[in-house]
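# Fold and geometry: a report
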Amino acid sequence: MTPQLVIFLVLAAIAIAGAVNVILQRHPIHSAISLISVMIALAGLFLLLESEFIAVVQIIVYAGAIMVLFVFVIMLLNAGAEERTNMSRMARYAGVPLAIFLLIELAYQIGAAALSMTPQPLAEDVTRRLSMLLFQDFVFPFELTSILILIAILGALVLAQRGESVPAKGGPKTIT
Amino acid sequence: MFPPRQDVLRLMPEIILSLSGILLMLIEPFLSGARRTLIVTLAALGSGLALVSTIYPATLPGTAFSGLLRIDGFSVFVHVVVEAVAFLVIIGSADYLDREKIQHGEYYALVLFATVGMCVMAGAAELMTAFVGLETSSISTYILAGYRRDVPRSNESAMKYFLLGSFATAFFLYGIALLYGATGTTQLARMTFPTTPGRERLLDLGLGLMLVGLAFKIAAAPFQLWTPDVYEGAPTPVTALMASGPKAAAFALLLRILATVGAAGTFWFWALWVSAALTMFVGNLAAIAQSNVKRMLAYSSISHAGYILVALAAAAASDQVELGVAAVLYYLAVYALMKLGAFIFVSQLGGESERHMEIDDFRGLAVRQPVAAACFALFLLSLLGLPVTSGFLGKFYIFNAALASRLIWLAVLLAINTVIAAFYYLRVIVVMYMRQPNQTWPPAPMPWAVTFVLSIAAAGTFYLGLFPGRVMALATQAALSLPGR
C-alpha cells in the first residue's frame, strides 16, 4: 500500500460517511456540518490528484461561501428537526433492492474500468490549462451558467415574496 | 476573447431571448399605469424577434463555440417549435395572470429564459452544454409551476417537480460522468465505442442513466408519476408551456444522442420499446378515469410521449434513422400546437382560481361559445388522431416509421391505444355539444389575446393536417442534417 492509497482511502471514507450522514441527520444544521466534512474531504482528494487550484476553490467556494449561506438560511428560517416518515411499501420492496443493485453494479463497473486505465502523466501547469478550458473551449456553457444563476435569484425572489405582494396598478413594488 | 461574428449570428435567437428577459426585469420596476400591456408586448416582441432571427442559424449551418453547439437543420426545426410555443404562451398568459393577480415581469422573463435553455438543448453537440441548457429550462419551469403562491396545489406542484426533477437531473449528470470516463470526451460526435476492455459496460451504464434523466423530463413511464400532479397544480398557461416546449427540447436531445452516439441505438432500443408501450397504456388508461379536464389532458400528454417514443424506438432499430427522426419532429410540431391550444383554452374557461375544470363544467359550451368550443373540439379530435386533423398525419408518420423498422407489435399497440383514447376525448366533445348548458355559471367571453392564440393553434392544426408536404420536407431535411452514426 502506497501512502497515496492510504490517504485516498481515508479521505474517501470521510466523504462517503459524511454524505450518508447528511441524509440521516434530522436537524438541518447537523446535515450542513456533515456536508462541510464532505467538501473538505473532496478538496483533499483533489489535492491528491495534484489539482491544487481546484482544491483551494473547493474550500473557498463550497466549504466557505456556500456553506456559510446554508447555515445563515437555516438560522434565518429557524428550521427545526424534520419529521420522519415511513417508507412506502413500494420504496421498501422495490426501491431499496434496486438502489442497492445499482450501487453494486456501478461500483463494480467503475472498478473494472479503473483497473484497465493507465495513469496519465500530469500536464505541467494544471491551473493554466484549466483556465484555458474554462474561458476558451467551454466559454459558452460558462456564460450560460450566469443566466442559470440569474434564474435562481429570480426564483428566490418570486417564490419568497410573502403575502399580498402585487401592488395596485401604478404603485411601487415592495419586496418584503 | 470575443467569439467570432459567425458564432454570434448562429446564436442570435438565444441572445435575443436572454436580452429581452433581462430587459424585462430591468424596466419592470419603472413602469406604472399601462405597464401590463407594455410588459406583455415587450415579452411577445422578444420571443417573436427570436423566432424571426432563427433565419440566421438557418442560413449559417455549422458548429459554434469550438464545437459545443451544432447548428443544423435539426436544431433550427426544434428552435422554431420552442420559440413559437414561447410566443403563444406569453400572449395566452396575459389575461390569466391578470385574473389571478400574479401579473409580473418576472413571469415573462422566466418564460424567455426557459426558452433559452430549450434552444441550447436543441443545438447542444456536447454534454456539458446540454446539461446547462437542461438545467436552465428545468429550473425556470420549477419556479413557474409554483407561481400561484397562495394556492397550496401550486406549491405542491412546484415542490414535487423540483425534488423529482433534481433527482432526475442527478441521474443525467452521473450518466455524463460515466460516459466521460468510458470515452474520455463529452463531445457526442467523438464518443466512439471504447477499445479498452472493461469500459464498454461503463458506456452502457452512462447511457442508461442519461436515458433515465431524460425519460423523466419527457414524462415517459415508469418516470411519469409526477406529471398529473405537477400539470394540475401549475398555472394552466405554464402547463401549456411545460407540456409542449421542454418536452420537445428533451426529445431533441434524446434524438441527437441517439443519432450521433452509435452505442445508444443498440443499447437503448429495448428500453425505448418497453417504455413506449408502457407509457401509451399508462397515460390512456389513467386518462379515462379522470373527471378533471386539466388532469385528463395531463394524462393524455403522457400517452403522447408514448407515441413519440414509438418513433424513437423505430429510429433506434434501423440503420436509417431519418424516417423515425422526421416522424418525431413532425409530431413534436403537431403536438405542441394542439396541446398548447387545448391548455390555453382550459386556462381561459377555468375562470377565477381555476374553479371550473370538471368535465361537467363544459356542459353545453357549444351553445354558449360556439367558436371557442369548436376550436377545443378540433384540438381534442387532433389529439385523438382523426383524419383531416394534424394529429392523424403525425400518428400516420410514426406508424409508418415503426413499420419500416419492422416494429409490428409497437405499431399494433399504437393503434389499440388510439382506440382507447377515443373514449375520453369524445366524452368531452359529447358533453360540450349534446348536453344542456350549465345555467348557474356563464363563462366569461374570450379576450382577444386568447382568441388570437387559439386561432393560430387551430389554423396550424388544420394546416399541418391538410398540407403536410412542406413541414414534412423540412423535418426530413432536419433529420438528414444530423451527423449520423
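Residues numbered from 1 in each chain as written. Chains lettered and ligands numbered in written order. Predicted model: local features only at pLDDT ≥ 70, side-chain atom pairs only at ≥ 80, totals over all residues. Heavy atoms only, no water.

A separate point is the overall build of chain A. Across its full length, chain A holds six helices and zero strands. Its C-alpha atoms give chain A a radius of gyration of 22 Å, clearly above 16 Å, the size a compact globule of 176 residues would have. Each principal axis of the C-alpha atoms in chain A carries an extent, and together these give about 70 × 50 × 25 Å. Burial statistics for chain A: of 176 residues in total, 20% are counted as buried. When the accessible surface of chain A is summed, it comes to about 12400 Å², and 72% of that surface belongs to carbon and sulfur atoms. One way to put it: in chain A the 9 positive side-chain charges average out to a point 17 Å from where the 10 negative ones average out. (Helix = DSSP H or I, 4+ residues; strand = E, 2+ residues; numbered from the N terminus. Rg over C-alpha atoms; globule rule 2.2 N^0.38 Å. Buried < 20%, exposed > 50% of the residue type's maximum accessible area, 1.4 Å probe, protein only. Areas by Shrake-Rupley, 256 points an atom, 1.4 Å probe, with all protein chains shown as cover. Lys, Arg positive; Asp, Glu negative; His and termini not counted. Charge placed at Lys NZ, Arg CZ, Asp CG, Glu CD.)

Time to look at the domain arrangement of chain A. On domain assignment, one finds that chain A holds domain 1 (1-82) and domain 2 (125-163). For domain 1 of chain A and domain 2 of chain A, the distance between their C-alpha centres works out to 22 Å. (Domains from an automatic or database assignment.)

A separate point is the pattern of salt bridges. All names here are of chain B. On inspection of all chains with the given rule, the structure shows 10 salt bridges over all chains. With its nearest N and O atoms 2.6 Å apart, the salt bridge here joins Lys160 to Asp229. Here Lys160, found in helix α8 (residues 152-183), pairs with Asp229, found in helix α10 (residues 227-233); they are 69 residues apart in sequence, far enough to count as distant. (Salt bridge = Lys/Arg side-chain N within 4 Å of Asp/Glu carboxyl O.)

Our next topic: empty space enclosed by the protein. Residue and element names in this part refer to chain B. Within the structure shown, the criterion is met by one cavity of 30 Å³ or more. Of the volumes computed, that of the largest cavity is approximately 70 Å³. In this structure, the largest cavity is lined by Met121, Leu134, Ser137, Ser138, Thr141, Tyr161, Lys217, Trp226, Tyr231, Met242, Pro246 and Ala250. Counting residues per element, the ones that place at least two in the lining of the largest cavity are α7 (127-145) and α11 (236-260). Looking at the lining of the largest cavity element by element, the count peaks at four residues for α7. (1 Å grid on protein atoms, 1.4 Å probe; cavity = no way out; pocket = protein on both sides within 12 Å on 5 of 7 lines; lining within 4 Å. Points joined across faces, edges and corners; volume = space filled by probe spheres on them.)

What follows concerns the packing of helix α4 (residues 89-115) of chain A against helix α9 (residues 200-217) of chain B. As a packed pair, α4(A) and α9(B) sit with axes 9 Å apart at the nearest point and diverge in direction by 140 degrees. When the interaxial angle is binned, α4(A) and α9(B) end up oblique. For the pair α4(A) and α9(B), the sense of crossing is left-handed. Each of A:Leu102, A:Glu105, A:Leu106, A:Gln109, A:Ile110 and A:Ala113 in α4(A) lies in contact with α9(B), whose residues at this interface are B:Arg201, B:Leu202, B:Leu205 and B:Leu209. Split by residue class, the contact of α4(A) with α9(B) holds seven nonpolar, one polar and two charged. (Axes fitted to C-alpha atoms, helices over the stretch in contact; angles between N-to-C directions. Parallel < 35°, antiparallel > 145°, perpendicular 65-115°, else oblique. Left-handed = near helix turned anticlockwise from the far one by under 90°. Contact = heavy atoms within 4.5 Å. Nonpolar A, V, L, I, M, F, W, Y, C, P; charged D, E, K, R; others polar.)

Attention now moves to the interface of chain A and chain B. Chain A puts 35 residues into the contact, and the matching count from chain B is 48 residues. Where chain A abuts chain B, roughly 3600 Å² becomes buried across the two surfaces, and 74% of that area is made up of carbon and sulfur atoms. The largest per-residue losses of area from chain A upon contact with chain B belong to A:Phe140, A:Ile151 and A:Leu154, which jointly make up 17% of the total buried on that side. In this structure, the salt-bridge partner of B:Arg201 is A:Glu105, at a minimum N-O distance of 2.9 Å. Taken together, the links from chain A to chain B amount to three residue pairs in polar contact (both at pLDDT 80 or more). (Buried area = accessible area lost by both parts, 1.4 Å probe. Polar contact = N/O pair within 3.5 Å; in protein donor to acceptor, adjacent residues only side chain to side chain.)

Moving on: the confidence of the model for chain B. Caution applies to low-pLDDT regions: their predicted coordinates should not be interpreted in detail. Residues of chain B with pLDDT of at least 70 account for 97%, and the chain-wide mean is 89. By mean pLDDT, the top-scoring element of chain B is α7(B) (94), and the lowest-scoring one is helix α15 (residues 365-368) of chain B (83). (pLDDT = per-residue confidence, 0-100.)

The subject of this paragraph is the nonpolar core. B:Tyr108, B:Ile257, B:Phe362, B:Phe376 and B:Leu410 are the most contacted members of the largest nonpolar core, which has 206 residues in total. Take this core: its biggest share by element is 21 residues, from helix α14 (residues 322-349) of chain B. (Core = buried A, V, L, I, M, F, W, Y, C linked by side-chain atoms within 4.5 Å.)

A full pass over the atoms with the stated rule returns 21 aromatic pairs over all chains. Members of the aromatic cluster, connected to one another through ring pairs, are B:Tyr142, B:Tyr161, B:Phe162, B:Phe216, B:Trp226, B:Tyr231 and B:Phe343. (Phe/Tyr/Trp six-rings, centres within 6.5 Å; stacked < 30°, edge-to-face > 60°.)

A few words on helix α20 (residues 469-480) of chain B. Residue and element names in this part refer to chain B. Taking 1.5 Å per residue as the helical rise, α20 with its 12 residues ought to reach 16 Å, and the 16 Å between its terminal C-alpha atoms agrees with that figure. Three or more residues of α20 are buried, namely Val471, Met472, Ala475, Ala478 and Ala479. The buried residues of α20 occupy an angular sector of 115 degrees when the element is viewed end-on, so they sit on one face. Among the exposed residues of α20, those oriented more than 90 degrees off its buried face are Arg470, Gln477 and Leu480. (Expected span 1.5 Å × (residues − 1). Arc of directions from axis to C-beta.)

Its boundaries defined by the atoms lining it, the second largest pocket holds a volume of some 1500 Å³. Around the second largest pocket, the lining is made up of 27 residues, and of these A:Leu159, B:Tyr142, B:Met159, B:Phe162 and B:Ser166 lie nearest the centre. Those elements giving two or more residues to the lining of the second largest pocket turn out to be α6 (139-160) of chain A together with α7 and α8 of chain B. Top contributing element to the lining of the second largest pocket by residue count: α8(B), with nine residues. Class assignment for the residues of the lining of the second largest pocket results in 15 nonpolar, eight polar and four charged.

Before going further, it helps to examine the packing of α9(B) against helix α12 (residues 262-288) of chain B. Residues and elements named next belong to chain B. Where α9 meets α12, the axes come as close as 10 Å, and the angle between the chain directions of the two elements is 50 degrees. Judged on the interaxial angle alone, α12 and α9 are oblique. α12 is crossed by α9, and the crossing has right-handed handedness. Contacts between α9 and α12 involve Leu203, Asp204, Leu207, Gly208 and Leu211 from the former and Ala263, Ala264, Phe267, Trp268, Ala271 and Leu272 from the latter. Residues that form the contact of α9 with α12 fall into these classes: nine nonpolar, one polar and one charged.

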